[in-house]
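# Coordinates in review
For reference, the chains in residue letters:
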There are 2 protein chains.
Amino acid sequence: MHVLIIEDEKSLHHEVQQFLVQSQYLVDSAYTYAEASEKIFVNSYDFVLLDLGLPGGDGLDLLREARRNDRQEASFIILTARGAIDDRVKGLDLGADDYLPKPFSLLELQSRMQAITRRKFGLKRQELTFGNGFQLDATGRTLRYHDQDVALTKKEFDLLHYLLLHKTRVLTRLQLGEHLWGNVLEDDSDSNYIDVHIKNLRKKLGQFAPADFLETVRGIGYRMAGDN
Amino acid sequence: MHVLIIEDEKSLHHEVQQFLVQSQYLVDSAYTYAEASEKIFVNSYDFVLLDLGLPGGDGLDLLREARRNDRQEASFIILTARGAIDDRVKGLDLGADDYLPKPFSLLELQSRMQAITRRKFGLKRQELTFGNGFQLDATGRTLRYHDQDVALTKKEFDLLHYLLLHKTRVLTRLQLGEHLWGNVLEDDSDSNYIDVHIKNLRKKLGQFAPADFLETVRGIGYRMAGDN
DNA sequence: ACGGCCCCATGCACGTTCTCATTATCGAAG
DNA sequence: CTTCGATAATGAGAACGTGCATGGGGCCGT
């Protein structure tokens, strides 16, 4: 999951960053309006944490811009100073997904992000199931097949998780690269490392059950089949 | 175990503090509302001892704030003046775990804390068992393997105890650092002292039985496996 | 002052990720 | 049905990152 932190206050920024990195998110940083604007335009994120009191411009403009051309599918969480109710209302009007009054604890941030993810993908529980017996727990970062653990590396897990969230949708290598590796859009790297990870994933899953649910869509990308 | 004492009356505060430090807790202190508020938001605790008659604000607000979308996983124990029944009721309503009418004995405090710990982790007895023959007694701070004592240092014991309480859950170095060393998040110490303690622990336990129940989760942290 | 414990620095070992060369497979066109 | 170009899968190994082992120094309590 690719997250952008927009916050000018250094220590808070750093704290949140550390926490998210530890929690296995892929984190980008912006400290000013200009920086944020560029990154939002160039990259594609799953979450944007947006502080409003930015040097160089009104943070809400960023949200407005991003929502206008829906190239940015990120969920926005607004970080407001305590009591700035106006900003909250305006933010939610503009399509923010949630707001978080400062000061907030990291646990709270985490649970909001999880809640948003669940809402966004219409999940009821934290676990994702697929392929007749596999069960992925995003919080514990574990995968099980009928009660036995399946050991995956970090990248393998992230890849599987992302495919699973967008089940039945075809994901291009570009999209996977952006959200899981933070690659910029245009670098058409002739590398095939995503293919390699797909292969490794199939191999590991294949030890338990035929991994035909992870389909190749020739010329486009990969896709996780829905259950039947 | 990380404890925050919120109490403005100096001598009582000091007395409790001394006692808890002696009992091998990791103790933080707050004497005012503002101080308490900051510490609660920055750190993560296992217990918060909360006096309600605070200078600078109503202590119940702290509890309310903390409980609003699980900001803190800490257990709150409210310290009430004798007879202030209203506060007790309000406190328990807001999700306090217990209350303690002043004056109270330190032994009583200790037994309440132990009771809460047992409740929180669903334990019936005081002892935690694991790895086919090990038995950890939290009160006596002793570890035995089939009736023979295993000598552990303070940090080794605390580490083992904490992992055991959260059995099957992966604990990051960050979490261990916060709860056992009281580290704040931002010091990104690239130190490996937690690894060292893990190693020493494994070595000591390994003298009695294979210590494979203490698993490494690469890139994340450590985890105590459940018994089979 | 002494001993033990805790923290830190270093070097090594191993697992993970990525690159590259090669082989297999697909799909369109003849 | 066959051929051919494009695309994907594979295997091997290089580069990188992370955890583990070890020993020394400093700090604390006795």
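Procedures and definitions
Residues numbered from 1 in each chain as written. Chains lettered and ligands numbered in written order. Predicted model: local features only at pLDDT ≥ 70, side-chain atom pairs only at ≥ 80, totals over all residues. Heavy atoms only, no water. Buried < 20%, exposed > 50% of the residue type's maximum accessible area, 1.4 Å probe, protein only. Helix = DSSP H or I, 4+ residues; strand = E, 2+ residues; numbered from the N terminus. Pairing = 2+ DSSP bridges. Contact = heavy atoms within 4.5 Å. Buried area = accessible area lost by both parts, 1.4 Å probe. Salt bridge = Lys/Arg side-chain N within 4 Å of Asp/Glu carboxyl O. Polar contact = N/O pair within 3.5 Å; in protein donor to acceptor, adjacent residues only side chain to side chain. Nonpolar A, V, L, I, M, F, W, Y, C, P; charged D, E, K, R; others polar. Axes fitted to C-alpha atoms, helices over the stretch in contact; angles between N-to-C directions.

Within an unreviewed UniProt entry, the label attached to chain A reads DNA-binding response regulator, and the organism entered is Hymenobacter perfusus.

The next subject is the pairing of strand β4 (residues 75-80) of chain A. Residues and elements named next belong to chain A. Among the six residues of β4, six are classified as buried, and the element is accordingly described as predominantly covered. Burial along β4 is two-sided: S75, I77 and L79 facing one way and F76, I78 and T80 facing the other are all buried. Pairing between strand β3 (residues 47-51) and β4: five bridges, direction parallel. Paired with F47 across the bridge in β4 is S75. As defined by bridge partners, β4 adjoins strand β5 (residues 98-101) across four bridges and the pair is classed as parallel. Of the residues in β5, the one forming a bridge with I78 is Y99.

Contact residues are listed per partner, giving 19 residues for chain A and 16 residues for chain B. Of the roughly 1,600 Å² buried at the junction of chain A and chain B (both faces included), carbon and sulfur atoms supply 49%. For D149(A), the salt bridge goes to R223(B), with nearest N and O atoms at 3.8 Å. Across the chain A-chain B interface, the total number found is one residue pair in polar contact (both at pLDDT 80 or more). Listed by contribution, the elements that provide at least two residues to the side of chain A that touches chain B are α1 (10-22) and α5 (106-120) of chain A. The residue inventory of the side of chain A that touches chain B, partitioned by class, reads six nonpolar, seven polar and six charged.

With that settled, consider the sheet that holds strand β8 (residues 142-145) of chain A. Residues and elements named next belong to chain A. Spatially, four strands are ordered β6-β7-β8-β9 in an open sheet, and the strand pairing comes out antiparallel. Looking along the sheet, the strands with just one partner apiece sit at the ends: β6 (127-130) and β9 (148-150). With direction set aside, neighbouring strand axes in the sheet form an average angle of 30 degrees. Relative to β8, strand β7 (residues 134-137) is paired through four bridges, and the arrangement is antiparallel. Along β8, the bridge assignment pairs L136 with L143.

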